[in-house]
Amino acid sequence: MTIGLLKCTEENLVAMVPQVALKLYNEKFQIVCETEAGEASGYSNDLYHEIGAKIASRKEVILSSDIMLTGSEIGLKDLNLMKPDTLLIGKFNGCMGPDHLMALQKHKATAFSLDLLPRSSIAQSMDVLSSLASLSGYKALITAADEYEGYLPMMTTSAGTMPPARVLILGAGVAGLQAIATAKRLGAVVEAFDVRSSVKEEVQSLGAEFIEVEGSIEDDSSGGYAIRQTAEYIKQQKALIHSRACKADIIITTANIPNKKAPILIEKDTVAQMKPGSVIVDMASASGGNCELSRDGEMIVINGVKIIGDSKLYNKMAHQASLLYSNNIHNFLKYLLKDGRENVPYGSDIVSSTLVKSKEAISLHS
Amino acid sequence: MTIGLLKCTEENLVAMVPQVALKLYNEKFQIVCETEAGEASGYSNDLYHEIGAKIASRKEVILSSDIMLTGSEIGLKDLNLMKPDTLLIGKFNGCMGPDHLMALQKHKATAFSLDLLPRSSIAQSMDVLSSLASLSGYKALITAADEYEGYLPMMTTSAGTMPPARVLILGAGVAGLQAIATAKRLGAVVEAFDVRSSVKEEVQSLGAEFIEVEGSIEDDSSGGYAIRQTAEYIKQQKALIHSRACKADIIITTANIPNKKAPILIEKDTVAQMKPGSVIVDMASASGGNCELSRDGEMIVINGVKIIGDSKLYNKMAHQASLLYSNNIHNFLKYLLKDGRENVPYGSDIVSSTLVKSKEAISLHS
Amino acid sequence: MELFNFLKDHILFINLLIITVFLGFEIIAKVPSILHTPLMSGSNAISGIVIIGAIILVRQSEPTDYVALSSGFVGIVLATINVVGGHAVTDRMLEMFKKK
Amino acid sequence: MELFNFLKDHILFINLLIITVFLGFEIIAKVPSILHTPLMSGSNAISGIVIIGAIILVRQSEPTDYVALSSGFVGIVLATINVVGGHAVTDRMLEMFKKK
Amino acid sequence: MIYLELFYIVSTVLLLLGLRMLSSPSTARKGNIIAAVGMGLAVLISILDPIKNDHGNLLWILGAICLGSLIGLLYAKKVKMTDIPGLVSLFNGFGGACAVFIAIHEVYKFDATQSLGFMGTTYLALFVGGVAFTGSLIAYGKLAGKVRDWRNGISSYFNLFWLVGCISLILFQIYNPSLYPFLPLVILAASLIYGLSFVWPIGGADMPVVIALLNALTGIAAALAGIVYDNMVMLLGGILVGSSGIILTMIMCRAMNRSLLNVIIGGFGSAVHSIAGERRNIEKTSISDVSINMRYANNVMIIPGYGMAVAQAQKACKELDNTLSNKGIHVNYAVHPVAGRMPGHMNVLLAEADVPYSKIKDMEEANAMFSDTDICLIVGANDVVNPSALDDPGSPIFGMPILEVLKSKNIVVLKRSMSTGYSGIENPLFSNKKTKMLFGDAKESIESINKEIKTMD
Amino acid sequence: MIYLELFYIVSTVLLLLGLRMLSSPSTARKGNIIAAVGMGLAVLISILDPIKNDHGNLLWILGAICLGSLIGLLYAKKVKMTDIPGLVSLFNGFGGACAVFIAIHEVYKFDATQSLGFMGTTYLALFVGGVAFTGSLIAYGKLAGKVRDWRNGISSYFNLFWLVGCISLILFQIYNPSLYPFLPLVILAASLIYGLSFVWPIGGADMPVVIALLNALTGIAAALAGIVYDNMVMLLGGILVGSSGIILTMIMCRAMNRSLLNVIIGGFGSAVHSIAGERRNIEKTSISDVSINMRYANNVMIIPGYGMAVAQAQKACKELDNTLSNKGIHVNYAVHPVAGRMPGHMNVLLAEADVPYSKIKDMEEANAMFSDTDICLIVGANDVVNPSALDDPGSPIFGMPILEVLKSKNIVVLKRSMSTGYSGIENPLFSNKKTKMLFGDAKESIESINKEIKTMD
Ligand SMILES: NC(=O)c1ccc[n+]([C@@H]2O[C@H](COP(=O)([O-])OP(=O)(O)OC[C@H]3O[C@@H](n4cnc5c(N)ncnc54)[C@H](OP(=O)(O)O)[C@@H]3O)[C@@H](O)[C@H]2O)c1
Ligand SMILES: NC(=O)c1ccc[n+]([C@@H]2O[C@H](COP(=O)([O-])OP(=O)(O)OC[C@H]3O[C@@H](n4cnc5c(N)ncnc54)[C@H](OP(=O)(O)O)[C@@H]3O)[C@@H](O)[C@H]2O)c1
Ligand SMILES: NC(=O)c1ccc[n+]([C@@H]2O[C@H](COP(=O)([O-])OP(=O)(O)OC[C@H]3O[C@@H](n4cnc5c(N)ncnc54)[C@H](O)[C@@H]3O)[C@@H](O)[C@H]2O)c1
Ligand SMILES: NC(=O)c1ccc[n+]([C@@H]2O[C@H](COP(=O)([O-])OP(=O)(O)OC[C@H]3O[C@@H](n4cnc5c(N)ncnc54)[C@H](O)[C@@H]3O)[C@@H](O)[C@H]2O)c1
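Quick notes on the rules
Residues numbered from 1 in each chain as written. Chains lettered and ligands numbered in written order. Predicted model: local features only at pLDDT ≥ 70, side-chain atom pairs only at ≥ 80, totals over all residues. Heavy atoms only, no water. Helix = DSSP H or I, 4+ residues; strand = E, 2+ residues; numbered from the N terminus. Buried < 20%, exposed > 50% of the residue type's maximum accessible area, 1.4 Å probe, protein only. Contact = heavy atoms within 4.5 Å. Near = heavy atom within 4 Å. Polar contact = N/O pair within 3.5 Å; in protein donor to acceptor, adjacent residues only side chain to side chain. Patch = residues over 30% accessible without salt bridge, like charges linked within 9 Å, V, L, I, M, F, W, Y side chains within 5 Å. Areas by Shrake-Rupley, 256 points an atom, 1.4 Å probe, with all protein chains shown as cover. Salt bridge = Lys/Arg side-chain N within 4 Å of Asp/Glu carboxyl O. Lys, Arg positive; Asp, Glu negative; His and termini not counted. Charge placed at Lys NZ, Arg CZ, Asp CG, Glu CD. Domains from an automatic or database assignment. Pairing = 2+ DSSP bridges. Phe/Tyr/Trp six-rings, centres within 6.5 Å; stacked < 30°, edge-to-face > 60°. Lys NZ or Arg CZ within 6 Å of the ring centre and 35° of its normal. Buried area = accessible area lost by both parts, 1.4 Å probe. Axes fitted to C-alpha atoms, helices over the stretch in contact; angles between N-to-C directions.

K.L.:
So what's going on with the overall build of chain C? Which residues, and what values?
P.N.:
Summing up its helical and strand segments, chain C has 5 helices and 0 strands in all. Element order for chain C, N to C, with α for helix and β for strand: α-α-α-α-α. Here chain C holds 100 residues, and 66% of them are scored as buried. Sequence-distant contacts in chain C: of pairs separated by 6 or more residues, those separated by 24 or more amount to 61%.

K.L.:
So, the site of ligand 3: which residues are in play, and what are the values?
P.N.:
Around ligand 3, 25 residues are found, and the nearest of them are Arg119(A), Gln124(A), Ser130(A), Asp194(A) and Arg196(A). Among the chains of the assembly, those with residues near ligand 3 are chains A and E. Arg119(A) places a main-chain nitrogen or oxygen 2.4 Å from a nitrogen atom of ligand 3. Within the side chain of Arg196(A), one N or O atom sits 2.5 Å away from an oxygen atom of ligand 3.

K.L.:
Any chance you could break down a negative patch on the surface for me, citing the residues and the numbers?
P.N.:
Residue and element names in this part refer to chain A. Judged by side-chain charge, Glu-36, Glu-39, Asp-46 and Glu-50 come together as a negatively charged surface patch. As for its position among the elements, Glu-39 is in the loop between β2 (30-34) and α2 (45-50). A residue is classified by how much of its surface remains accessible, and Glu-39, at 40% relative accessible area, is partly exposed.

K.L.:
Which residues make up the domain arrangement of chain C, and what values go with them?
P.N.:
For chain C, the assigned domains are domain 1 (1-30) and domain 2 (36-100). Look at where the C-alpha atoms of domain 1 of chain C and domain 2 of chain C centre, and you get two points 25 Å apart.

K.L.:
A description of the pairing of strand β16 (residues 305-309) of chain B should follow, citing residues and the corresponding values.
P.N.:
Residues and elements named next belong to chain B. Here β16 lies mainly inside the structure; 5 of its 5 residues are buried. Burial of the side chains of β16 extends over both faces: Val-305, Ile-307 and Gly-309 are buried on one face and Lys-306 and Ile-308 on the other. Pairing of strand β14 (residues 279-282) with β16 involves 4 bridges; the strand directions are parallel. Bridge pairing in β16 links Val-279 to Lys-306. For strand β15 (residues 299-302) and β16, the ladder comprises 4 bridges, and the chain directions are antiparallel. Each bridged residue has a counterpart across the sheet, and for Ile-300 the counterpart in β16 is Ile-307. Here β15 folds back onto β16 in antiparallel fashion, the turn holding 2 residues, of which Asn-303 has a positive phi close to 50°.

K.L.:
Describe the packing of aromatic side chains, naming the residues involved and giving the relevant values.
P.N.:
This model, assessed by the stated rule, comprises 24 aromatic pairs over all chains. Pairing Phe110(E) with Phe118(E) gives two aromatic rings, centres 6.0 Å apart and planes at 65°, and the pair type is edge-to-face. Using a relative accessible area of 18% as the deciding quantity, one classes Phe110(E) as buried. Judged by its relative accessible area of 21%, Phe118(E) is partly exposed. Taken together, the ring pairs in this structure connect Phe112(A), Phe332(A) and Tyr346(A) into an aromatic cluster. For the cation-ring pair, Lys91(B) lies above Tyr325(B), with the distance from its terminal atom to the ring centre recorded as 6.0 Å. One Lys or Arg, Arg295(E), reaches over the ring of Tyr296(E) and ends 4.8 Å from the middle of that ring.

K.L.:
If you had to explain the interface of chain E and chain C to someone new, which residues and values would you point to?
P.N.:
Often the size quoted for an interface is simply the accessible area lost on bringing the parts together. Contacts between the two partners involve 103 residues from chain E and, on the opposite side, 78 residues from chain C. When the two sides are added together, the surface that chain E and chain C hide from each other amounts to roughly 8100 Å², 75% of it contributed by carbon and sulfur. Per-residue buried area on chain E facing chain C is highest for Arg29(E), Trp60(E) and Tyr296(E); these three make up 9% of the total on that side. Linking Asp91(C) and Arg29(E) is a salt bridge whose minimum nitrogen-to-oxygen distance equals 3.1 Å.

K.L.:
Pulling in residues and values, what's your account of the arrangement of the chains?
P.N.:
There is no contact between chain A and chain D; across them, the least C-alpha separation is 34 Å. In this view chain B stays clear of chain D, with the nearest C-alpha atoms of the two still 33 Å from each other.

K.L.:
Give me the sheet that holds strand β12 (residues 209-210) of chain A: which residues, what numbers.
P.N.:
Residue and element names in this part refer to chain A. Ordered in space as β12-β11-β10-β13-β14-β16-β15, the 7 strands form an open sheet in which the pairing is mixed. Of all the strands in the sheet, just β12 and β15 (298-302) have a single pairing partner and so form its edges. Strands in contact with helix α6 (residues 128-147) are β10 (166-170), β13 (250-253), β14 (279-282), β15 and β16 (305-309); relative to β13, the strand with the most contacts, it is inclined by about 150°.

K.L.:
If you had to explain the pattern of salt bridges to someone new, which residues and values would you point to?
P.N.:
A side chain with one charge can pair with a side chain of the opposite charge if their charged atoms come near. Within this structure, the stated rule accounts for 56 salt bridges over all chains. Arg119(A) is paired through a salt bridge with Asp127(A); the nearest N and O atoms lie 3.1 Å apart. Judged by relative accessible area, which is 3%, Asp127(A) ranks as buried. Taking the shortest distance from any N to any O, the salt bridge between Lys315(F) and Asp354(E) comes out at 2.7 Å. You can see Lys315(F) sitting in helix α14 (residues 314-326) and its partner Asp354(E) sitting in the loop between α15 (345-352) and β3 (360-361), one on each of two chains. Look at Lys315(F) and you get partly exposed, because its relative accessible area is 24%. Through salt bridges that share partners, Glu10(A), Glu11(A), Lys91(A) and Lys312(A) make up one connected network.

Below is the structure:
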């Protein structure tokens, strides 16, 4: 069976680093690899060549693969070149347009989107979102620290005592927790907020303070993801966050609600009242941003406040991100093929939920 | 008496932040401040205005000042506008050309260069080099962490265990020690090397490993600064550093020898053998660089190794750097004027050694 | 009254008793809990000191007083088991604490 | 021989002595060093128990035997100082340990 | 020869020293030997020492001693470790029986010259010895599984009544010594019955306390016999055992949160039911058990989970590690990839506590090490050590790789309750035979363990 | 009334309990009172209890007791805290003197019926009491500064010889009781002289040990007197004091790294010189002193310096902080701007140890807090607390702002030696009256202090 590796067009990721390719090779797969697939994340063609992979053009790869690995994008043209019965694995934001789905159907191909995995213990070794969120959370803090024009830790020096920086983390999911941990490491004073009050214990377990707003709605059935909140609650929460934000030197926001616009947590007014020199990293910028002013993929400075909008900070850690992503995909592949190519366990929760849905299905569903 | 504040032309620093200006104002000094002197470091004209300073053009400032504060550069034109008997305080790299000195003499002005301060306990509150080196050391590590495409701490995740990054610090002066401390905080495995073996204890006191090379020359009379070493020693040292560097993910070099070219510690060959994705921050780049390939003020990538040459990393922390610099200058001023303007204690070690010398004098001296 | 006289006549004895009780308390009061079992076992062996009573009983019995002799005999056997077995088993127990 | 007989006659006594010595050791063995001085002072007061000897001496003296009486008297005075002063000063010392 | 008696003093001192040394871990074994020497010396003296009315009968004595030693040694050698407490109880009963034999014999020698005190002492020896005897036998039977617990509401009232009865009988007898010649036998019987009825209702968990108490009783019986024979060694040895036994009993009660009274009069039925509500098959353990096990282990593996984070127990773990390492014990940390609530959660915490990277083992390394591990200390981990991931295809986590702690020799789980972890599923590990549960906040538990281990040698 | 004697037992138990409680910090004060009650009871009994040859003489007795109590209370009230050890020694001497009075009196009552043992006991009481008496007086004199140390090479040989002489005299006397009627007086004199010559050569630092020893001797003398009068309370109280006193002496010796023998026979001149090499005016202190001081402080300020970094003592500091904070003591950290070897060096380390930022005071804050600080614990700092920066215009660091620890009540400096800090200049702080030096590695010192404080109540 041939595994094809496509170059990611939108990110610096690669879905199969040479180490993982070698494992698959040893498991008797043929590997075909698009030229320069790993270039952006530090894995050169040579490395792939060394472990026995064939380097080929994109077209060749698609034409020859039974299983195809990629990142978050796949073109319609690519889909139409596929062999019948191809398995396509990537992270497609959970959905594809109708044209794409049609193309898949036409080729009897199946697409799996790993960002749809259930957040269960058993699925965690394939959980791309976890891996990348963790990297991004770490990087968000490091980037903020680099942009911030001062020490994060307290420093008592002969030219005066510099107080520790105050870091505010909004949304304490995987990324938020990692940012908290990193900020604590660097000696900052850290506060965090999340709508899910169960996170309180997790935040405290990292030594940070949890900001509590009374009356959040929780829905255990949502599988760990956050859901929308009442207006009253949002008002109260806004006031609280506003006051904390004004004191903060660094704010990192990670609040996402899957397939919805991200909630606005930092408004214009708040930014206006923040100290010049403060840094905001908005990790939800791709879905609209938690900060009203943030722009995805850009850094803007307003009243001396730097606002960095970046939902894909892991791109800055492409090397390790690709390694983790590849491992996740490898684990998923192992699960998928555990009973052979013919017996993909479509019935299992893990597989069924990763099947790519149509955009409409997603909207109806949530 | 009027204190004039000049805008720094080469750096983002300002020699008197508003907080310090306020103190001086309360001590009955008049403050004249060049427009936008603090803009680059986040202190607006308004802030100066608020605390009672006069905002004026550069020329006006020079014409009216009895004491003039600046950063590391002063133009000949500026000098020639000075009032007689002006005290000029800054950090002029310890020396000035003959034209400048002449101009000073002509106006009976005196220039003090704070980077010439003795490294004694009493002088430490005015020690600009310490303040800035400390900031730079911290920033060097943060910048390196930001450039490095992976975690610094060890991470055991469901997609594999990422080992901790290995950080090598060359030169464990003030900057090096701060870089060590920051790297340790972030969870990296840290090794450090310095020619002065007395630093060993200091390095270990921060929890890092000290790389020992036998047979270093030390000279207590050099006042804490490093001196040149024998050829045999340098050879041995090179081999050792080479082997450690090849394993390192991040290298920070801080080895300076005052008024000499910086020693080459990382050669081309070493860089060629380093892992792609590694990061080198060369903080001695202004005086030739500790890495053969580094270029001051630039980041270059060679074989996937990022080499950042930056001797003035504190520029990236202009806000706090200016605060510390101002405090240092304020402490120096207090010392200078403790017995009144007429009785500057020229006899004291602190004052006499900060007097600006001619370039030749410096070369002869060292 | 008789009791008081008895006490008064044995005042040394009573003092001895009290002090010894104190000493017993004092010795045990700070024992770490891991030693509870071995200590119990060891002091159990010591309580077999009652054997001496049985020995004296036998020595003072007429060689023909078989009732006394045999009850003494059984007493000695039982007490010996207590003493010897007790010390031996304690030793085995304490051996476990030795580092392998 | 005479010594042995003396010992044998006072076997209860000797046992008492030994046990008490043990007890004394046991009580002190784990005392924290901050208490060394107050403990010394307190036990010094207890050593004034010798006063009872002096009292008995006086009680058994002929009311006319002024040598005995006065030596007993002085003995009691001295021992009382030891006891009363000792306890009082110990109390003062221990008061210091109280939280202000 | 007539001064031989003086050597009893030496033997007393040896017994004393022995007991003293037995109460400290580093000297305990030597203490046992010293006590044994003291005992041997005492026996020797008691045989050779000139006494009045001496008829020798050496053969009887030596024969009995040989027979007793043989039996004692044999039992001590053969017994399985787990049966030791029962054996100790049995031995103790024999000591009590010896006291009974002596006392009943002396009682029948009484004539009019006997003082009240002397008579009282002898009867007390009879009573106490008798209770120790049958009580110990019942205790042995229970531990050996041969006797079942028997308890109902009235047992404690019966005991109280019977005790009063025995004492009244004794008092009656010493004031009317020769009224009924069979009364001593009645007293004996009553004592023996009291021993039975006293121990029978006491439940399994309280057995160690009861044995300690019975042991103290034997000591007291020996002391009383010592008074009867005017023998110093018997007296002092007996009192020592008696008093130390009673305080030991009290300490053990305290450790179990029971009052001595509660145990003695049979608990009036209260304590039994509290154990009922618990899940079956779970074996609880105590701080001291865990401590002693860790102290004498060679390889310890700490397995942190989300509970360590919640309890903020990472520094406590490191300190425990330090203590153990100082004693030459190897300590490592097994970190499961998904332990905690974010990737690297455990790494962050362990780094904060300054655990060197070299001690942190990832799943593969750890799983290879478990077979050499003496104790796995599971600190608030649950899902990541759930063996149903390996062997229960119906489990939602079936197939997830876990830390295979069951390969190790002993497992101790620190958590607060039986509640489940993140994934909400039961963990069969907790009811495994190798596993012992230590309930409570992980940080507090570890700190207590550390404290205890520090006191050991 | 004739059973009054029985109450001696109660009094014995009270004395025992008292001593027991005296040896634990939390009960010490109550223990002292209980012992005092026991003592009072004993005195009462000894007055009322029917004895043979009773002539009453109650007035004498009560008069003496009143007088003695008055003097005792007066002294105890008036004495300055620092003079207490001297006073204790003086009191102790009085106890010894009492024994002497009794013994010399009894000795002259001997007739032919007295057994050797009894005579020996009485003479021993005389000797021991005499030594305790004059020895204590000398000790008191030394502590009060009234008697100077006197020592030369032969003093120890003289002592040895004199001791042997005394014992020979006593032996001679008890075997030839009525040969020389003045001999008892000679023995008395010899004993008194031995007391003098024994204590005189012992140096200042050893005084506490000697006092403890003399105290034990008084106890022994009381016990011997107890044998003479066949009085249980005297005997037991005496023995208790004697045995506990001796072990206390040994413990104190160990704490000072001296052997008891070395102290007793006058050290043969060895130990004195070792102290000579040291700088003058430095006051050394001990772990236990520092501990007790910290335990009973309200505000403690920890002042870290480069030495803390070298010793890696930051975590030990935090643990000490925890211990103290748990006892309600306020602990803060004063960080000097240039402490350590890089800006923020102390911050890095304290953060590593998880010291909350709110406890870290910078120089200005700290200097404002020192006047309320009971103890400054200087952990390996030197230059940053050098007061010559403030008051010695000739000093190279004159004018540098420092942490003004001298404003606080007590200062304890932890360092390894008298060597200087980074700037290489002497620090007059170390010889200040408020300052005590605790030499040794800072981490070890702090850990020991912490351990000690944990044992307190
Ligand atoms: N690593 C990640 O990225 C990540 C992210 C999200 C979810 N998860 C999931 O989280 C789970 C992690 O497994 P785990 O074994 O580490 O944790 P776990 O299965 O959640 O179990 C934690 C255990 O700790 C105990 N505990 C809590 N507080 C305690 C305290 N103060 N003292 C003692 N025990 C305490 C709890 O029991 P008691 O209440 O009885 O004390 C609980 O059973 C996995 O299911 C994983 O899939 C992981
Ligand atoms: N902060 C900065 O940026 C910087 C940079 C360079 C220089 N300096 C200078 O460094 C000095 C800092 O002052 P400081 O008071 O922190 O330190 P210091 O004056 O250098 O004194 C440190 C003291 O710690 C003791 N010490 C060393 N190891 C120890 C151990 N293991 N246990 C206990 N004590 C130990 C040493 O005495 P023993 O050897 O007797 O133990 C020494 O006296 C100032 O003079 C400052 O100017 C500061
Ligand atoms: N079972 C597993 O092993 C596993 C693995 C990974 C994640 N998870 C769980 O999945 C959940 C989601 O993780 P994620 O990081 O991908 O989440 P996410 O990226 O979807 O959201 C980030 C965080 O933002 C919060 N948020 C949403 N709206 C907010 C608002 N208005 N204000 C403040 N905060 C808001 C969310 O509660 C969430 O914590 C977490 O509970 C995590 O523990 C479980
Ligand atoms: N007294 C004070 O208060 C005070 C204040 C600040 C600094 N200092 C001292 O001054 C000294 C210099 O500090 P700095 O940071 O400004 O130094 P620097 O910037 O001049 O040099 C940085 C470090 O590089 C090292 N170095 C030089 N050549 C090297 C080589 N070939 N290989 C490896 N390392 C080499 C030096 O030894 C030094 O440690 C330090 O000892 C510091 O402690 C003292």
